[in-house]
Amino acid sequence: MREVAAEFANPVMLYSIGKDSSVMLHLAMKAFYPSLPPFPLLHVDTTWKFREMISFRDATAKRLGLKLLVHVNQDGLARGINPFDSGSAMHTQVMKTEALKQALDKYGFDAAFGGARRDEEKSRAKERIFSFRSTAHAWDPKNQRPELWRVYNTRINKGESIRVFPLSNWTELDIWQYILAESIPIVPLYFAKKRPVVERDGTLIMVDDDRMKLRDGEKVEERLVRFRTLGCYPLTGAIESAADTLEAIVTEMFTARTSERQGRLIDSDEKASMEKKKREGYF
Amino acid sequence: MAPPDLKSFLAAQEKKSLLRFLTCGSVDDGKSTLIGRLLYDSKLLFEDTLSALERDSKQHGTTGDDIDFALLVDGLEAEREQGITIDVAYRYFATNKRKFIVADTPGHEQYTRNMATGASNSELAVILIDARKGVLTQTRRHAYIVSLLGIRHIVLAVNKIDLVGYSQETFDRIAAEFSEFAAHLGFLSRVAIPISARFGDNVIAKSANTPWYGGPPLLSFLETVDVEAQVADKPFRMPVQWVNRPNLDFRGFSGTIVGGRVKPGDKVAVAKSGRTSTIKRIVTMDGDLKEAATGEAVTLTLADEVDISRGDILCPATARPEVSDQFAAHLLWMAEEELLPGRQYLLKLSTSTVPAQITTLKHKIDVNTLDQLAAKTLRLNEIGYANFSLAQPLAFDSYRDNRDMGGFILIDRFTNATVGAGMIDFGLRRATNVHWQAIDVDKSARSALKHQKPAVLWFTGLSGSGKSTVANLVEAALHADGRHTYILDGDNVRHGLNRDLGFTDADRVENIRRVGEAAKLFVDAGLIVLVSFISPFRSERRMARELVGEGEFVEIFVDAPLEVCMARDPKGLYQKAKAGTIKNFTGIDSPYEPPEHAELVLHTGKGEPSAHAATILAYLKDHRYIA
């Protein structure tokens, strides 16, 4: 992180409010202490995030005294893009990928930190820690810069940028253990609680506001659930769990039999979907 | 709520050491299958990953109805379709004893650089070979590269042992052949294990099919091998990444410790400047530390005000790294475009980036025989041994002693691509002993005498574009005006100073380097130097520009269309080039890279030469080169 702060003119930290972002932000606070991290946070808001995420986001930026930028794709909003009617692929493309590119262009950021980890998904396993993006924000997986030792090539031309993944070598279990060891604040949605959910296509979706329309035969139930991963609420599956403390979550984790992205509906859209999204500029 | 074993689980996690290893081998030797097998058999696959795998196996799999483990790790669409691994994929797994990070690296020859990437951060290498094929060229190459990158522990996994009927004879023969080759590569441990990644023999558990094999299965070996590099016992090294100045009262130096340990009260030096001080505090967000060791990212404060910036190395006053602007190093070339000795590249070593060039390419290495061959250049995936010269001195250790202090990358100045990876062998003493001779009469004194500002007027353009014609007119005018000038003309210089050079890319680079240096001496003498050279490459023109001071280089693009130049053909060269009697002729079968930011562009396809000369003279007046 210090490498980026020292070598780039205008870096930014992508802050998605999830547990990985929380860890990344905590590391940034440590890396620059006693200074504050010399870059702002950027949240790309699809307007479909859980309400508790948004309040946590604002509270966090205030608590740490950091500058927070929020970007919404107004064009997409005007076109009425939403996860229910437009489909998850379209929603993600317009409200996340396009929105992110807009924000990076608007502020002219030349480096952006992301909390992605290589253990999450196959194409992410090949991502560099310093990952080059063209002026169109595209990723070319076959033409990546070799990355040796801890020597990172930070050279870019005007308009090009670098995505930086400081948590590349962390696993999901590492993240939880670290949150536990360092008492890092996270969104309460990670802890089990009675929440109103609907079972749809085998996934438990939390009804976070009245924009969610019920289909025939669906009914809202109060169930004891928590989330392993957070995104847009209509696209994020909850798991039934009684783990309401960090200790309980870690215990649940080391006996877990499914991967965390299982709860992400956007990944199963089409095969190799993550690689495709990344080439288009998704994180 | 937490069950009683959480504490013991966490405690066990804490104690686990981390082993980073890479797997390499030829295409189809089964690397990906082996890693998939390790993940599967150590029960580390999630259920949804497993069901996706079963689905994919039916679609792309090459193993019939069985699960194709390779599909677990071959991440990118293209390689799934071709059935080969084309990039480094990192995998993470843990057993009760250790955590592992596996770099799965490509086997295909054109991806050898990716293998080096995986090796640069690993402590151990698992080299796979197909029991049916034995030791191949690739196997030798891989063993050599991992040894070059400082890996001291190697496992030879003789895979597909099931396909040779679990034959001890075959295994022994392969192990012996490999052993003979690898014995000279400086490995501390070297073992061979007969395995079948597809069926799991000797991967997790000892196999009943190989009763003749007395060693441990692969995973047990990986869990127990001792790879503790002794970096912690080496001298303290911390490259400064970032100067931490939240306010006027605090000035700290942030960086990751790459060697040894440090504590408050230690006497330290700044390697390059030689200034010394004492460590005051080791600052972290969780409070000051009493001691910090290799691998920790810390912020140090010193007892004295010492001038330190990014790129400086903090070290013990008594055990300093070498400081030099010349060193000898091994170089692995990683770009499609071949190495040009003499061209300037950017060299990044820890936190410093400086312009550098290869002064002598001593030899390249035949990876099959380890023979040293004479070489003028290095191509993609070739390894050479060369002397480097840097624009500024750097502090470094040999790669053997400290990977972080001796490993560097080379960056192309135009594409910004990482084109090479180097490992420093030793500093060249002559750099430390050849000092600049200070001279009393300097450049400004000499040029003041002539009432002019010294400069290089660099004319670049195709043959026949009119460079020499315009340059001659400009010199004549300046001379008539009482200015002190000199012309370096491409053709003329090739009769003397550069008589030994031809027209290959490498020779063109050296041609321009010498001319640039000669022009620099004339500028130092206070002259206005007119250089008239085709000089087709941007990098070399930039190199010439950087040899002289800011504002002393005027690049003049003499821009005439190729058809016009060919029609003029003053020396009949285009005729010959088209006939094929001259090779590498710029514009015909060798490229010309037009300047992007020339100070002046002359469109010499039309207009009188004297008008173009007048444009240049006006420019010189406007910019006060001449009064």
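Remember, predicted model here, so these are calculated numbers, not experimental data. (Residues numbered from 1 in each chain as written. Chains lettered and ligands numbered in written order. Predicted model: local features only at pLDDT ≥ 70, side-chain atom pairs only at ≥ 80, totals over all residues.)

*Asks:* What's the story with the overall build of chain A in this structure? I'm lost.
*Replies:* Within chain A, the regular secondary structure consists of 8 helices and 10 strands. Of the contacts formed within chain A by residues at least 6 apart in sequence, a portion of 77% connects residues at least 24 apart. (Helix = DSSP H or I, 4+ residues; strand = E, 2+ residues; numbered from the N terminus. Contact = placed C-beta atoms within 7 Å.)

*Asks:* Sorry, what's going on with the overall build of chain B here?
*Replies:* Assigned secondary structure in chain B consists of 19 helices and 27 strands. Burial status across chain B gives 45% buried among its 627 residues. Taking as baseline every contact in chain B between residues at least 6 positions apart, the subset at least 24 positions apart corresponds to 72%. (Buried ≥ 20, exposed ≤ 12 C-beta atoms within 10 Å, placed from the backbone.)

*Asks:* I would appreciate a short explanation of the sheet that holds strand β9 (residues 252–256) of chain B in the present structure.
*Replies:* Residue and element names in this part refer to chain B. Spatially, 7 strands are ordered β7-β15-β11-β12-β14-β9-β8 in an open sheet, and the strand pairing comes out antiparallel. If you trace the sheet from one side to the other, it starts and ends with β7 (238–239) and β8 (242–244), each paired once. Of the strand pairs in this sheet, strand β11 (residues 267–270) and strand β15 (residues 313–316) are connected by 3 bridges, and their pairing is antiparallel. Note that in β15 the partner of Val268 across the bridge is Pro316. (Pairing = 2+ DSSP bridges.)

*Asks:* Help me understand helix α8 (residues 168–182) of chain B in this model?
*Replies:* It helps to recall that an α-helix has 3.6 residues per turn; residues three or four apart then point in one direction. All names here are of chain B. An ideal rise of 1.5 Å per residue puts 21 Å on 15 residues; α8 measures up with 21 Å between its terminal C-alpha atoms. Residues Phe171, Ile174, Phe178 and Ala182 constitute the buried set of α8. In a view along the axis of α8, the buried residues occupy a sector of 70 degrees, so they form one face of it. Among the exposed residues of α8, those pointing more than 90 degrees away from its buried face are Glu169, Ala176 and Glu180. The inward-facing, buried residues of α8 abut β4 (124–130), α7 (137–148), β5 (153–159) and β6 (189–194). (Expected span 1.5 Å × (residues − 1). Arc of directions from axis to C-beta.)

*Asks:* It is not clear to me how the pairing of strand β22 (residues 418–427) of chain B should be interpreted in this structure. Could you clarify?
*Replies:* For a regular strand, the rule is simple: side chains alternate between the two faces of the sheet. All names here are of chain B. Taken across its 10 residues, β22 has 8 buried, putting it largely inside the fold. Two elements, strand β16 (residues 322–333) and β22, share 7 bridges in a ladder whose sense is antiparallel. Its bridge partner lying in β22, Trp333 is registered against Gly420. Two elements, strand β21 (residues 407–411) and β22, share 5 bridges in a ladder whose sense is antiparallel. Among the inter-strand pairings, Leu410 is bridged to a residue of β22, identified as Gly420. In this antiparallel pair of consecutive strands, β21 and β22, the connection spans 6 residues, and Asn416 shows a positive phi of 65 degrees.

*Asks:* Is there a simple way to explain the nonpolar core in this structure?
*Replies:* The nonpolar side chains of soluble globular proteins are, as a tendency, buried together. Core analysis: the biggest nonpolar cluster contains 210 residues, and B:Ala125, B:Ala157, B:Val158, B:Val456, B:Leu457, B:Val529 and B:Val531 have the highest contact counts within it. The biggest single contributor to this core is helix α2 (residues 19–32) of chain A, with 7 residues. The residues touching B:Ala125, leaving out its near neighbours within four places in the chain, are B:Phe21, B:Leu22, B:Cys24, B:Ala119, B:Val146, B:Ile151 and B:Ile154. (Core = buried A, V, L, I, M, F, W, Y, C linked by C-beta atoms within 7 Å.)

*Asks:* Where do I start with the pairing of strand β14 (residues 297–302) of chain B in this structure?
*Replies:* All names here are of chain B. As paired strands, β9 and β14 are joined by 4 bridges and run antiparallel to one another. Note that in β14 the partner of Phe253 across the bridge is Leu300. As paired elements, strand β12 (residues 276–283) and β14 share 4 bridges and run antiparallel to each other. From the neighbouring strand, Val283 faces β14, where its bridge partner is Thr299.

*Asks:* What is the right way to read the packing of helix α13 (residues 467–480) of chain B against helix α19 (residues 609–622) of chain B from this model?
*Replies:* A pair of packed helices is captured by two measures, namely the crossing angle of their axes and the spacing between those axes. Residue and element names in this part refer to chain B. The interhelical angle for the contact between α13 and α19, taken along N-to-C directions, is 55 degrees, at an axis separation of 9 Å. One way to sum up the angle between α13 and α19 is to call them oblique. By crossing handedness, the relation of α13 to α19 is classed as right-handed. Only Pro609, Ser610, His612, Ala613, Ile616 and Leu617 of α19 make contact with α13, whose side of the interface consists of Thr469, Val470, Leu473, Val474 and Ala477. In terms of residue class, the contact of α13 with α19 is made up of 8 nonpolar, 3 polar and no charged. (Axes fitted to C-alpha atoms, helices over the stretch in contact; angles between N-to-C directions. Parallel < 35°, antiparallel > 145°, perpendicular 65-115°, else oblique. Left-handed = near helix turned anticlockwise from the far one by under 90°. Nonpolar A, V, L, I, M, F, W, Y, C, P; charged D, E, K, R; others polar.)

*Asks:* Can you help me understand unusual backbone geometry in this one?
*Replies:* If a residue is not glycine, its phi is most likely negative; likewise, a peptide bond is most likely trans. Here A:Tyr33 and A:Pro34 are connected by a cis peptide whose omega angle stands at 5 degrees. Looking at the secondary structure, you find A:Pro34 in the loop between α2 and β2 (41–44). At B:Lys160, a residue that is not glycine, the phi angle is positive and equals roughly 60 degrees. Among the structural elements, B:Lys160 can be located in the loop between β5 and α8. Even without being a glycine, B:Tyr166 presents a positive backbone phi close to 55 degrees. Structurally, the position occupied by B:Tyr166 is in the loop between β5 and α8.

*Asks:* Please explain the environment of B:Thr318 as it appears in this structure.
*Replies:* Looking at where B:Thr318 falls in the secondary structure, it is placed in the loop between β15 and β16. In sequence terms B:Thr318 and B:Glu599 are 281 residues apart; their C-alpha atoms lie 50 Å from each other.

*Asks:* How should the sheet that holds strand β4 (residues 111–113) of chain A be read in this particular structure?
*Replies:* Note on sheets: strands pair through backbone hydrogen bonds, and any given pair is parallel or antiparallel. Residue and element names in this part refer to chain A. What the 6 strands build is an open sheet, ordered β3-β2-β1-β4-β6-β5; its pairing is mixed. Looking at the sheet topology across the chains shown, the edges are occupied by β3 (68–71) and β5 (130–133). For this sheet, the mean angle separating the axes of adjacent strands, direction not counted, is 30 degrees. Sheet topology note: the β4/strand β6 (residues 161–164) ladder contains 3 bridges and is parallel. Bridge pairing links Ala111 to Ile162 in β6.

*Asks:* For this particular structure, what's the right way to read the packing of helix α15 (residues 505–524) of chain B against helix α16 (residues 538–547) of chain B?
*Replies:* Residue and element names in this part refer to chain B. It is the contact of α15 with α16, at a shortest axis distance of 9 Å, that shows an interaxial angle of 20 degrees. In terms of orientation, α15 and α16 fall into the roughly parallel class. In this structure, the crossing between α15 and α16 has a hand that is right-handed. On the side of α15, the interface is formed by Val509, Ile512, Arg513, Gly516, Glu517, Ala519 and Lys520, while α16 contributes Glu540, Met543, Ala544 and Leu547. Per-class residue counts for the contact of α15 with α16 are 6 nonpolar, 1 polar and 4 charged.

*Asks:* Please explain the environment of B:Ile101 as it appears in this structure.
*Replies:* You can see B:Ile101 is positioned in strand β3 (residues 98–104). For B:Ile101, a count of 20 C-beta atoms within 10 Å gives the class buried. Leave out the neighbours within four places in its chain, and B:Ile101 touches A:Asn169, B:Leu18, B:Arg20, B:Tyr90 and B:Tyr92.

*Asks:* How should I be thinking about the confidence of the model for chain B in this particular structure?
*Replies:* Residues and elements named next belong to chain B. Of the residues in chain B, 86% have a pLDDT of 70 or more, and the chain-wide mean is 83. Between residues 75–85, whose pLDDT stays under 50, and residues either more than four places distant or in other chains, the model counts 31 contacts. Scored as a whole, the predicted complex attains pTM 0.70, and scored at its interfaces, ipTM 0.80. (pLDDT = per-residue confidence, 0-100.)

*Asks:* Can you help me understand the environment of B:Lys99 in this one?
*Replies:* Residue and element names in this part refer to chain B. Tracing the backbone shows Lys99 in strand β3. For Lys99, a count of 17 C-beta atoms within 10 Å puts it in the partly exposed group. With 390 residues separating them in the primary sequence, Lys99 and Asp489 have C-alpha atoms 64 Å apart. Setting aside anything within four residues of it in sequence, one finds Lys99 in contact with Lys16, Leu18 and Ala94.

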